[in-house]
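# Understanding the architecture of this molecule
What follows is each chain in one-letter form.
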Amino acid sequence: MARNKYDIDETLETPFNIAHLKRSFIYMKKHKKRIVIALILSALSSVFSMFTPLLSKVEIDYFIPQKNIVMIVVAAVAALVSIVISVKLGIIRQRIMTDVGQDIIYEIRRDLFEHLQELSFEYYDDRPQGKILVRVVNYVNSVSDMLTNGVINFVLEIFNIILILIFMLIVDIKLTLVVVAGVPVFVAVMLLIKKKQRRAWQDVSNKNSNQTAYLAESISCMKVTQSFAREVENEGIFRRLSSSYKKSWMKAVKISFLVSFVVDNIHSIVAAALYVVGLLVIGPASVSLGTLAAMSGYVSRFWQPIINLASLYNNFVNGVAYLERIFETMDEPIKVRDLPDAVELPEIKGNLKFDNVTFSYEADKVILKNVDFDVKAGQSIALVGPTGAGKTTVVNLISRFYDLDSGKILIDGNDISKVTLNSLRRQMGIMLQDSFIFSGTIADNIRYGKLDANDEEIVAACKTVCAHEFIMEMEDGYETELNENGSQLSQGQKQLIAFARTLISDPKILILDEATSSIDVKTERLLQKGLNELLKGRTSFIIAHRLSTIKNCDKIMFINNQGITESGTHEELLEKKGDYYHLYNAQG
Ligand SMILES: Nc1ncnc2c1ncn2[C@@H]1O[C@H](COP(=O)(O)OP(=O)(O)OP(=O)(O)O)[C@@H](O)[C@H]1O
Ligand SMILES: [Mg+2]
């Protein structure tokens, strides 16, 4: 089976790049206060947890032999209280950091989302939606823990190691040296395995990203899948992606087991060495039972932060790779953007001019070459021509969804590349073949065109475009809840809602790209009245394959071979007996 886009892993192979981590500190800085408080609480929590082994030494060596019941109880209660305080402080810290973590997640997502909203069509043209989604959802989740608990724990574990060392040294200097001697061995072994482990987990996250991306696409085009009876093939692709995910997971887990095996055993070896050295080498005479008990209590506490640091290191390496993906998305240049000295486009009258426009999506494939045309305010222009000729491209350029290779597009004499995108697009109404329905009520969907529209305006707009009747027949009328793809509505009904949405936004230039193709002939005739209303006083571009709908346009332009091959009124073009004439006759 052919490999598809989803088989291609994202490369997360970059070596640990501290610059990304540094940059992420801007997100932490805002929460500096809370992070510092959490750090202090954690440190206090550690200090309190240190007392227990020391207290047990005192118990075993002094109070129990002395049979001092009062002191035994006092020491036991003191141990209990210090544990309770330590746990309680830990819980408060956790609560604070969870809160900070969620804030950071929100802030990174917000920045990503804002940037994604600005990125031009070009960015979305060539990457699977799912992979963008994975960055915004999964990667951000993964780094938030690193930026909160990870960073705190890093500082804390180092603090812990020092603290425990101090406590151990208080108990017994020689035995402390025995414990510390295990460290270089551990570090050496870990360095050997860790690299493998890191690779393995990176692979897991890649495979997971592939699978999620495929899943996202599959869900959004399930209808197509089912209508082409592609279920079996798609299941096959999914099974393959899942099984490579499973394989990478199993491998990573195997290595992780190896790591925990090493960790557990080094730990036991050191504990055993402690007893051997304590009893045989130093001799039972100079090492009390209490000292041994206290030391073995500290041994596990000493190793825990070291083990934690090792796994933190791992998280940091992965996290930094995720940060890189996140920042890469944030840094993705916005190709189509306001010039530094962009001005507001004044209210559009509707004169439009293509001045020697050349455009290509990809470097070596010219779609439009030296195109010139002129449209007067209020004119309706039809764009016709074979599939793939460049009709949609022409209207995309008018809204400046892409920048030109050369030439100029002028609206009332203003070069559209020199005005702000907002002032340009705000005055433009664009209707596409598949009209987007957002989740919300029908009224909300129409209000998308003009956020402060009142109910009367909405009803009036719907009446104009013949949508009022069917809306009133719906269960809750204008308050009917729609889901995100408007599945309760027919294609034509969605189209009518989109018409109302556009009408209410009162655009000065109107673009209808195959917008009437899914409306039946009868409704279309009804709509024609509404449409005429919509077109009145506006410059409009209408793309339609059904030529009957554009006969009355002021000017018809036939697009083919990288430019306009014919233009004129319906009658003029028929008389010419050229491309348009043949196309028209072919439709009968
Ligand atoms: N985003 C894109 N990236 C690269 N090439 C594109 C892109 N969009 C369109 N094209 C190419 O540009 C050419 C013109 O496409 P366009 O969508 O303008 O055609 P059209 O005239 O609207 O066709 P149709 O009648 O089928 O809608 C096509 O050859 C197409 O392959
Ligand atoms: Mg098109």
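Residues numbered from 1 in each chain as written. Chains lettered and ligands numbered in written order. Predicted model: local features only at pLDDT ≥ 70, side-chain atom pairs only at ≥ 80, totals over all residues.

## So, the site of ligand 1
Around ligand 1, a shell composed of Asp125, Tyr361, Glu362, Ile367, Gly385, Thr387, Gly388, Ala389, Gly390, Lys391, Thr392 and Thr393 is seen. Mapped by element, the contributors of at least two residues to the shell around ligand 1 are strand E1 (352-362) and helix H10 (391-398). Here the element with the most residues in the shell around ligand 1 is H10; it accounts for three residues. Broken down by class, the residue content of the shell around ligand 1 amounts to three nonpolar, six polar and three charged. (Near = placed C-beta within 6 Å. Helix = DSSP H or I, 4+ residues; strand = E, 2+ residues; numbered from the N terminus. Nonpolar A, V, L, I, M, F, W, Y, C, P; charged D, E, K, R; others polar.)

## Examining the domain arrangement of the protein chain
The domain boundaries assigned to the protein chain delineate domain 1 (16-331) and domain 2 (435-506). For domain 1 versus domain 2, the distance between C-alpha centres works out to 51 Å. (Domains from an automatic or database assignment.)

## A few points about unusual backbone geometry
Even without glycine at this site, Asn370 takes up a positive phi of about 45 degrees. Looking at where Asn370 falls in the secondary structure, it is placed in strand E2 (residues 365-375). Unusually for a residue other than glycine, Asp506 sits at a positive phi of about 50 degrees. Position of Asp506 relative to the elements: it lies in the loop between helix H15 (491-504) and strand E9 (509-513).

## Overview of H15
Side chains of residues three or four places apart in an α-helix project in the same direction, reflecting 3.6 residues per turn. When the terminal C-alpha atoms of H15 are compared, their 20 Å separation across 14 residues agrees well with the 20 Å that a helix rising 1.5 Å per residue should span. With twelve of 14 residues buried, H15 is to be regarded as a mostly interior element. Positive backbone phi, at 50 degrees, marks Asp506, one or two positions downstream of H15. (Expected span 1.5 Å × (residues − 1). Buried ≥ 20, exposed ≤ 12 C-beta atoms within 10 Å, placed from the backbone.)

## Looking at the sheet that holds strand E4 (residues 406-411)
With respect to topology, four strands assemble into an open sheet ordered E2-E1-E4-E5, the strand pairing being antiparallel. Every interior strand has two partners, whereas the edge strands, E2 and strand E5 (414-415), have only one. Strand direction decides the pairing type here: E1 and E4, joined by five bridges, are antiparallel. Note that in E4 the partner of Lys353 across the bridge is Leu410. Contacting E1, E2 and E4, H10 crosses the sheet at an angle of about 115 degrees to E1. (Pairing = 2+ DSSP bridges. Contact = placed C-beta atoms within 7 Å. Axes fitted to C-alpha atoms, helices over the stretch in contact; angles between N-to-C directions.)

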